[in-house]
Amino acid sequence: MNSIRIKDAEDLAKMRHAGQLLAQVFTMLDDFVREGVTTMEINQRVDSFITNDLQARPASKGQYDYPYALNTSVNEVVCHGMPKANEKLKSGSIVNLDITLEKHGFIADSSKMYLIGEVSPVAKRLVKTTYEAMWAGIRQVKPGARLGDIGHAIQHHAEAAGYSVVREYCGHGIGRQMHEEPQVLHHGKPGTGVTLREGMVFTIEPMINQGDYRVKTLKDGWTVVTRDKKLSAQWEHTVAVTANGFEVLTLRPEELP
């Protein structure tokens, strides 16, 4: 517990601002991401928008020597997909765009699924269920709850729909550093794990597979795909524990109640 960094009101104000800026990136992309656009064009647009329009820093760029402003994970890619100049988005595809942004020393992290053109009902159901699973986890967040409560809620929702939860990757504490304690698993048992306290901030970012949960990393050392080549989906938000519940710092306009 001592290694978990508790954010004070000033820290949270800065993280909230970074989260609101990151939400603007996705609002911009809503009109840009479409059939025929390459994943590298998306990267260039995001890099320029964060740097020039928002006067912020794409936090993924240079992190662990990663060269791009975001991850672009298409269809069977689970996470960490790298933008490519020759990868055009095709009708029927689903793509996760995972973006981080730093402003005034604090980082926000979020990802969103985009449906390209005419997408099959099977793919739409996976994307919708993954979004619901993320929110099932978020709704567990409050002081005194346990990390296992979050993981269990996500796992239960995903598996009830016939899907599997990726085990190798998880959410994480976030603040001045991209990855802080604690690790936030997307599976688990209620009443287990770290007890949540006001001022904790972490990501909830379930990766849900259409088939088996097992994954493998491609030769580029980054791209993670499903072993069975079936579809995978992911959504992500940065979440703060408040005095009486939670605040989603990266909430987008279309998600406002």
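Here, every reference points to the structure presented above.
Being a predicted model, the structure only gives us computed values, none of them experimental. Every chain begins its residue count from 1, and numbering advances along the sequence as written. Local features are withheld for residues below a pLDDT of 70 in this predicted model, meaning they are given only at 70 or higher, and side-chain atom pairs are given and counted only at 80 or more; totals for whole chains, interfaces and linings count all residues. Excluded from the side-chain calculations are hydrogens and water; all other atoms, namely the structure's heavy atoms, are used.

Visitor: Can you lay out helix H3 (residues 121-138) for me, pointing to particular residues and giving the numbers?
Guide: Starting at the N terminus, helices and strands are each numbered in turn, a helix being any DSSP run of H or I of at least four residues and a strand any DSSP run of E of at least two. To estimate the expected span of a helix, count its residues, drop one, and scale the result by 1.5 Å. Under the 1.5 Å per step criterion, the end-to-end length of H3 is 26 Å for 18 residues, consistent within 8% with the ideal 26 Å. Each residue is placed in one exposure class: buried if its accessible area under a 1.4 Å probe, protein chains only, is under 20% of its type's maximum, exposed if it is over 50%, and partly exposed if it falls in between. Along H3, the positions that sit buried rather than exposed are Ala-123, Leu-126, Val-127, Thr-129, Thr-130, Ala-133, Met-134, Trp-135, Ala-136, Gly-137 and Ile-138.

Visitor: Let's hear about the pattern of salt bridges: which residues, and what values?
Guide: Salt bridge, as used here: a side-chain nitrogen of Lys or Arg that lies within 4 Å of a carboxyl oxygen of Asp or Glu. In this structure the tally under the stated criterion is 12 salt bridges. With a closest N to O distance of 3.4 Å, Arg-5 and Glu-180 form a salt bridge. A residue pair is termed long-range when its members are at least 10 positions apart, and Arg-5 in the segment before helix H1 (9-30) and Glu-180 in strand S8 (residues 180-184) qualify at 175 residues. Among the residues examined, Arg-5 registers a relative accessible area of 45% and is labelled partly exposed. Lys-14 is the salt-bridge partner of Glu-10, the closest N and O atoms lying 3.7 Å from each other. Of the two residues, Glu-10 and Lys-14 are both situated in helix H1; the distance of 4 residues between them amounts to about one turn of the helix. Note on Glu-10: relative accessible area 51%, which makes it exposed. Each member of the salt-bridge network shares a partner with another, and the members are Asp-30, Lys-112, Arg-252, Glu-254 and Glu-255.

Visitor: Quick one: what's the story with the sheet that holds strand S3 (residues 77-79), residue by residue and with numbers?
Guide: In this scheme, strands are said to pair when DSSP sees at least two bridges between them. Strand order in the open sheet made by the 3 strands is S3-S12-S11, with antiparallel pairing throughout. Sheet topology places S3 and strand S11 (215-217) at the edges, where each strand pairs with a single neighbour. Strand-to-strand, the axes of this sheet are offset by a mean angle of 40°, without reference to chain direction. Note that S3 and strand S12 (residues 224-226) share 2 bridges and pair antiparallel. Opposite Cys-79, over in S12, you have Val-224 as the bridge partner. In this analysis an axis means a line fitted to C-alpha atoms, helices contributing only their contacting stretch, and an angle means the value between N-to-C directions, from 0 to 180 degrees.

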